[in-house]
Amino acid sequence: MAQLEAALTLGIRDYFHKQDLPLGAVIGLSGGIDSAVTAHLAAKALGADRVLGLAMPGPFSSDHSVADAHALAGNLGIEIREVDIRPIYEAYLEVFRSLFGSREDFGLTQQNIQSRIRGATLMAISNEEQRLVLATGNKSELSLGYCTLYGDMAGGLACISDVPKTLVYKLSRHINKDSVVIPNRILERPPSAELREGQTDQERL
């Protein structure tokens, strides 16, 4: 695990150096394990002062997800900002009703637009502040297509895209071996994209 952590850190540091990206990275902090590990690796590779975390709670986000994102940022010493995506989400639902007819649930369309709002918000910060968006998808999600095009796949570098989910958990426990960097609740609760009520990754995968 120490070798894996060192290799991933080196990959991020080298990429930023070779691309001449002085202002650092921005990461969507969902309160989940993938974004937590990515944020840790980025802070280790670039320095905490060059990493920005963005929490983007939506209609199905749990309170503990937002709290865990803030706790993680505090543990890493990185800046965190919070953007409520619900007004944008509601505006999209109005557009959907005009396109597809008035109904309460648009299924996958409604779920994925939340991810795409978050991706667009991250890219806005990237453009405005010249930060590179780090995508947080792991190999298990990407290989099975459990990800959203133009949403959580948005980014200039996918840091853990070759790391299966089981290895992400092992890596996170290695990160926490000396002190709690990644809040324990992130490691213990079932992972979820939180795009609808009661959703869990294991149910879909």
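The sections below set out a description of the structure shown in this document. As the structure is a prediction and not an experimental result, all values here were calculated from the model.

### Observations regarding the sheet that holds strand β3 (residues 79–82)
Working definition: the strands of a sheet are paired by backbone hydrogen bonds and lie parallel or antiparallel to each other.
Point 1. Reading across from one edge, β3-β2-β1-β4-β5 is the order of the five strands in this open sheet, with parallel pairing throughout. Only two strands of the sheet have a single neighbouring strand rather than two, namely β3 and β5 (157–158).
Point 2. Examined bridge by bridge, strand β2 (residues 51–55) and β3 share four bridges and lie parallel to one another. Counted as the bridge partner of L54 is R81 from β3.
Point 3. Across the sheet, helix α1 (residues 2–18) lies against β1 (25–28), β4 (132–135) and β5, angled at about 155° from β4, the strand it touches most.

### Regarding the pattern of salt bridges
Point 1. Within this structure, the stated rule accounts for eight salt bridges.
Point 2. Taking the shortest distance from any N to any O, the salt bridge between E79 and R81 comes out at 2.9 Å.
Point 3. The partly exposed category is assigned to R81, whose relative accessible area is 28%.
Point 4. The network of salt bridges with common partners includes E79, R81, E129 and R131.

### Things to note about the nonpolar core
Point 1. Within the largest apolar cluster, 36 residues are counted, with the highest numbers of intra-cluster contacts made by I12, L29, V37, I78, L134 and I182.
Point 2. Counting residues per element, the ones that place at least two in this core are α1, β1, α2 (33–46), β2, α3 (63–76), β4, α7 (165–175) and α8 (184–188).
Point 3. Beyond its immediate sequence surroundings of up to four residues, L134 is in contact with F16, A25, V26, I27, T38, A42, L157 and C159.
Point 4. By size, the runner-up hydrophobic cluster in this structure holds 14 residues, among which are M56, I85, F96 and I125.

Analysis parameters
Residues numbered from 1 in each chain as written. Predicted model: local features only at pLDDT ≥ 70, side-chain atom pairs only at ≥ 80, totals over all residues. Heavy atoms only, no water. Pairing = 2+ DSSP bridges. Helix = DSSP H or I, 4+ residues; strand = E, 2+ residues; numbered from the N terminus. Contact = heavy atoms within 4.5 Å. Axes fitted to C-alpha atoms, helices over the stretch in contact; angles between N-to-C directions. Salt bridge = Lys/Arg side-chain N within 4 Å of Asp/Glu carboxyl O. Buried < 20%, exposed > 50% of the residue type's maximum accessible area, 1.4 Å probe, protein only. Core = buried A, V, L, I, M, F, W, Y, C linked by side-chain atoms within 4.5 Å.

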